[in-house]
Amino acid sequence: MATSDNDKTPESGTWEVLPPDPTHPKRLRLPLTTAVDVRKELARLYRSMKVGQIPAADGTKLAYVLNILRQTIETSDIEQRLEALEKATEGQKEY
């Protein structure tokens, strides 16, 4: 790190916040709370990579993270469903 960069840390409060770049189009921000949302974002990412808006190396990394997010969402959904089934059948158990 250069010596001149050492005094510019988040703690020093000297970071400059830049306004949004007016040359960039507004991006559609999708919620990523369901596996369907993640699938849509993966499709958007694929199309961006295919037309060259996003380099393949960067897109691949983003796709990897999105896949982990999808797996986490699916696991969470399964846990919630299993818990609901266990609660529903709790009173029906016969020994």
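Because the structure is a prediction, the values reported are computed rather than measured.

Looking at this structure, I do not really get the overall build of the protein chain. What am I missing?
Helices and strands together make up the secondary structure of the protein chain, namely two helices and zero strands. Residue burial in the protein chain is summarised as follows: out of 95 residues, 9% are buried. Taking all contacts inside the protein chain whose residues are at least 6 apart in sequence as the whole, residues at least 24 apart take part in 41%. Looking at the protein chain as shown, the accessible area adds up to about 8,700 Å², and 58% of this sits on carbon and sulfur atoms.

How should the side chain of Glu 41 be read in this particular structure?
Along the chain, Glu 41 turns up in helix H1 (residues 35-50). By relative accessible area, Glu 41 is classed as buried at 12%.

Can you help me understand the pattern of salt bridges in this one?
It is possible for side chains bearing opposite charge to pair when their charged atoms get close. Per the counting criterion, the structure on display carries three salt bridges. The shortest N-O distance in the salt bridge between Arg 44 and Glu 41 comes to 2.6 Å. Pair noted here: Arg 44 and Glu 41 are both in helix H1, with a separation of three residues, about one helical turn. Classification of Arg 44 by relative accessible area gives partly exposed; the value is 29%. Salt-bridge contacts for Glu 83 lead to Lys 87; the nearest nitrogen and oxygen are separated by 3.6 Å. With Glu 83 and Lys 87 both in helix H2 (residues 56-89), this residue pair falls four residues apart, about one helical turn.

Would you take a moment to explain the nonpolar core for this structure?
Burial of nonpolar side chains together is a common tendency in soluble globular proteins. Listed in full, the five residues of the largest apolar core are Val 38, Leu 45, Ile 54, Leu 66 and Ile 73. Sorting the residues of this core by element identifies H1 and H2 as the ones contributing at least two each. With residues near it in sequence (within four places) discarded, Leu 66 still touches Leu 32, Val 38, Glu 41, Leu 42 and Leu 45.

Sorry, what's going on with H2 here?
Think of an α-helix as 3.6 residues a turn; residues three or four steps apart then line up on the same face. For H2, built from 34 residues, the straight-helix expectation of 50 Å at 1.5 Å per residue is met to within 8% by its first-to-last C-alpha distance of 49 Å. When H2 is considered as a whole, its buried residues turn out to be Gly 59, Leu 66 and Ile 73. Its buried side turned inward, H2 meets H1.

Which parts of the structure should I look at to understand the environment of Asp 77?
Tracing the sequence through the fold places Asp 77 in helix H2. Accessibility expressed as a relative area gives 33% for Asp 77, which makes it partly exposed.

Honestly, H1 in this entry has me stumped. Any pointers?
With 16 residues, H1 should cover 22 Å at 1.5 Å per step; its first-to-last C-alpha distance of 22 Å lies within 8% of that length. In this fold, the buried residues of H1 make contact with H2. Count one or two residues on from H1 and you reach Gly 52, which has phi positive near 85 degrees.

Quick notes on the rules
- Residues numbered from 1 in each chain as written.
- Predicted model: local features only at pLDDT ≥ 70, side-chain atom pairs only at ≥ 80, totals over all residues.
- Heavy atoms only, no water.
- Helix = DSSP H or I, 4+ residues; strand = E, 2+ residues; numbered from the N terminus.
- Buried < 20%, exposed > 50% of the residue type's maximum accessible area, 1.4 Å probe, protein only.
- Contact = heavy atoms within 4.5 Å.
- Areas by Shrake-Rupley, 256 points an atom, 1.4 Å probe, with all protein chains shown as cover.
- Salt bridge = Lys/Arg side-chain N within 4 Å of Asp/Glu carboxyl O.
- Core = buried A, V, L, I, M, F, W, Y, C linked by side-chain atoms within 4.5 Å.
- Expected span 1.5 Å × (residues − 1).

Read these as geometric descriptors, not functional statements.
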